[in-house]
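Residue-level structure breakdown
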Amino acid sequence: MEAHTASKSMIAEAHARIDNEIALLKLPICALLTQKNSLLPVSRLPCEILATIFLYQAHSFYQDPRYSGTWRAAPPWANVSYVCHHWRNVALSCQSLWSFLFVSPPRWTEELLSRSKTVPLRIRIDVGFTCQRAMIFKLFQKVTTDVTRIQDLSLKLPTLPYNLIEGVLSKLSTPAPLLHTLHLCIPDLGEDGEDGIYPDTLFNRETPALRSLEFCYSHMPWSSPIFTTLSTLRLRNIPSSSQPTITELLAMLRRIPDLTHLYLENAFRSAKDALTSQHTLLSESLDLPHLSRLALIAPFSAVVVFLSNVTVPLKTEIRLSCRRNIDTTESYTPLYPLLERRFNTTSDVGTVIRTLNIKTTSRDAGFVLSTSERDCDVSFYSDGRRLHEDWGCCIPLKLETDVSSSKDLEHLVGDICRIISMAHLHTLIHLASERSLLSLSFIRATFGNLQELQLIKLIELGVAEWISALSPGSCKRTHSIEKAPDIFAPALAELHVTAVFFADTCHPRSPECSGSVQCLRKALACRKAKGSALKKLVIAGSYYVSNAQVRDLRRVVDEVVWDGYTGSSDGEDKS
């Protein structure tokens, strides 16, 4: 027994000795690998550049609305400190890398606060659920220990008891000298059904560095000094009972002389009475000379009265989503002089419209006007989600509104194309979630005389009216249309059709175009015979297209690009 015990002891000692020898051998190997890694190009980057790359990654996470952190995970950018010894040293010595605070485990919150030392903090707490209430409050208590360090604060909370919200806001009652960006989104802020208004004592009214402010669901008193230093203001979904009137709104904006970005989304009251009485001009107008971006989602009357009383530079990008009361006789006419004054000017060549994107449904119409010739296929924003996705893209105006009928739609599209010069239009895009909704006579009269139009894109619509419009007058099956040109858009060089429904059969004896590929081929052949041949045709994701039909198209068009999709229900290649 004793011999067995002694044998085990000797084996254990041997294992320990061998492990020590292995460790001693590993150390020089690790040292050699470190030296080898140091010769790689990435390892020879200056520490300052490497730290900048790390910061870029962390900032990308911070700005990405899809990432809000979790209760269990470490910050993703912390992984750079686990790659190698050199990267870890660089990461730990970069205090700003650890200044981005999210919803994270308490251990990591403490670690981030410790590693960031004294640099300004960027805090984003985005919680979309009501559980973990106590944890939310504890987290907020920890990250707001020193409010004077906060540079950016984004606080988006679910519906919480009033006493808990009150406790959260009480932590923000001291001055915030470094605060640059503040986003507060707290629903049901008011107690016992009262309107949600943040206390005027927020940050003790001392935010000298504040430049960007966003309020959602609730707001500060409109006379608060917190607004005066702003360059960016965004108000979203303010309760109707506490929305400012036009007069109150202009009075507040008048105290923000350096405003550059203004986004008002369901944030101020209707001005129907002023519009009905034609008293759209208030006693004192407002000039915002530095404004570069303006977005309004509001009732039609409020938009008109606002634009009638606010002067902005011609270079300002404007996004409008307005709704009429279609149960009345409210007309879009009051909006037209405002648009005409803005675009029909000879002093600013930058407002020449080169691309027009039209989206139509049976209830809505949207317009995107661009000074660029291409790459303007941007999304519309009926719910506001895409409102901010296309700034800086050469789009001076984006307009979305309601329509009550096809006739109402044609009047609106026609008026827009009349009051805003389309003489230099290069690209026309028409997207319709249903049929075209624009009649043949309207299409030819409105777009047929555009001498510089070179590209038309048709998306998700029936194309019978457009095919008929493309046909020269002498080739059309119907009689020539009054005021319509013999050659529709004579400079037209390209036609793109995407996800459109061609008719599956052609009816040669019918007086009307059926909208089939054969009809398109005939129209393009007639254009070619008239000396206005199409140079390029693109067909993608469209229904009832066959190989034989595409071969026929290539006889009348220089270049035909087809993705091979037929769209027939049985998958057969119909000829």
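Residues numbered from 1 in each chain as written. Predicted model: local features only at pLDDT ≥ 70, side-chain atom pairs only at ≥ 80, totals over all residues. Heavy atoms only, no water.

Quick word on the packing of helix 11 (residues 406-419) against helix 12 (residues 440-447)
Where helix 11 contacts helix 12, the two axes come as close as 11 Å, and the packing angle between them is 5°. Taken together, the axes of helix 11 and helix 12 are roughly parallel relative to one another. Residues E410, V413, G414 and C417 of helix 11 pack against F442, T446 and F447 of helix 12. In terms of residue class, the contact of helix 11 with helix 12 is built from four nonpolar, two polar and one charged. (Axes fitted to C-alpha atoms, helices over the stretch in contact; angles between N-to-C directions. Helix = DSSP H or I, 4+ residues; strand = E, 2+ residues; numbered from the N terminus. Parallel < 35°, antiparallel > 145°, perpendicular 65-115°, else oblique. Contact = heavy atoms within 4.5 Å. Nonpolar A, V, L, I, M, F, W, Y, C, P; charged D, E, K, R; others polar.)

Points about the pairing of strand 2 (residues 121-126)
Buried residues dominate strand 2, accounting for five of its six residues. Bridge analysis of strand 1 (residues 100-101) against strand 2 gives two bridges, and the strand direction is parallel. Note that in strand 2 the partner of L101 across the bridge is I123. Note on the crossover from strand 1 through helix 4 (residues 106-116) to strand 2: the handedness is right-handed. By the bridge criterion, six bridges tie strand 2 to strand 3 (residues 150-156) in an arrangement that is parallel. Of the residues in strand 3, the one forming a bridge with R122 is D152. (Buried < 20%, exposed > 50% of the residue type's maximum accessible area, 1.4 Å probe, protein only. Pairing = 2+ DSSP bridges. Right-handed = clockwise from strand over helix to strand, strands pointing away.)

Quick word on the nonpolar core
Membership of the largest hydrophobic core comes to 155 residues, with the highest contact counts inside it found for F227, L233, F306 and F447. If one sorts the elements of this core by residue count, helix 9 (residues 300-309) sits on top with seven residues. Not counting residues within four places of it along the chain, the set of residues in contact with F306 comprises I246, L249, L250, L253, L262, L264, F268, L294 and L296. (Core = buried A, V, L, I, M, F, W, Y, C linked by side-chain atoms within 4.5 Å.)

Let's talk about the pattern of salt bridges
Should the charged atoms of two oppositely charged side chains come close, the side chains can pair. Tallied over the entire structure, the rule returns 12 salt bridges. Where R115 meets E111, a salt bridge forms, and the shortest distance between an N and an O atom there is 2.8 Å. Within this pair, R115 and its partner E111 are both found in helix 4, separated by four residues, close to a single helical turn. Using a relative accessible area of 15% as the deciding quantity, one classes R115 as buried. Given the relative accessible area of 29%, E111 is considered partly exposed. Notably, a salt bridge pairs R234 with E214, separated by 4.0 Å at the nearest N-O pair. Residue R234 is found in strand 6 (residues 232-236), and its partner E214 is found in strand 5 (residues 212-216); the two are separated by 20 residues along the sequence. By sharing partners, the salt bridges in this structure join E214, R234, R236 and E265 into a single network. (Salt bridge = Lys/Arg side-chain N within 4 Å of Asp/Glu carboxyl O.)

Things to note about the pairing of strand 19 (residues 559-562)
The two faces of the sheet receive side chains in turn, since in a regular strand these alternate between them. Only one face of strand 19 is covered, namely the face carrying V560 and W562; the face carrying E559 and V561 is uncovered. Pairing geometry for strand 18 (residues 536-540) and strand 19, over four bridges, is parallel. Directly across from V538, in strand 19, lies its bridge partner V561. The β-α-β motif built from strand 18, the intervening helix 15 (residues 547-553) and the parallel element strand 19 has right-handed crossover chirality.

Regarding the environment of Q549
Tracing the backbone shows Q549 in helix 15. Not counting residues up to four positions away in its chain, the partners in contact with Q549 are V517, Q518 and Y544. For Q549, the side chain forms a polar contact with the side chain of Q518, separated by 3.3 Å. (Polar contact = N/O pair within 3.5 Å; in protein donor to acceptor, adjacent residues only side chain to side chain.)

A look at helix 4
Where helix 4 is concerned, the buried positions are W108, T109, L112, L113, R115 and S116. Of the residues one or two after helix 4, K117 is the one with positive phi, at around 55°.

Focus on the environment of Y217
Relative to the assigned elements, Y217 resides in the loop between strand 5 and strand 6. Sequence separation between Y217 and C185 is 32 residues, and the spatial gap between their C-alpha atoms is 6.4 Å. Y217 has contacts with C185, I186, P187, R236, N237, I238 and P239, leaving out every residue within four places of it along the chain.

With respect to the confidence of the model for the chain
Of the residues in the chain, 83% reach a pLDDT of 70 or more, and the chain-wide mean stands at 82. Low confidence marks residues 380-385, where pLDDT is under 50. Its contacts with residues over four positions away, or in another chain, come to 18 contacts. Here residues 477-484 is modelled with pLDDT under 50, and outside its nearest four sequence neighbours on either side it reaches 17 contacts, counting other chains as well. (pLDDT = per-residue confidence, 0-100.)

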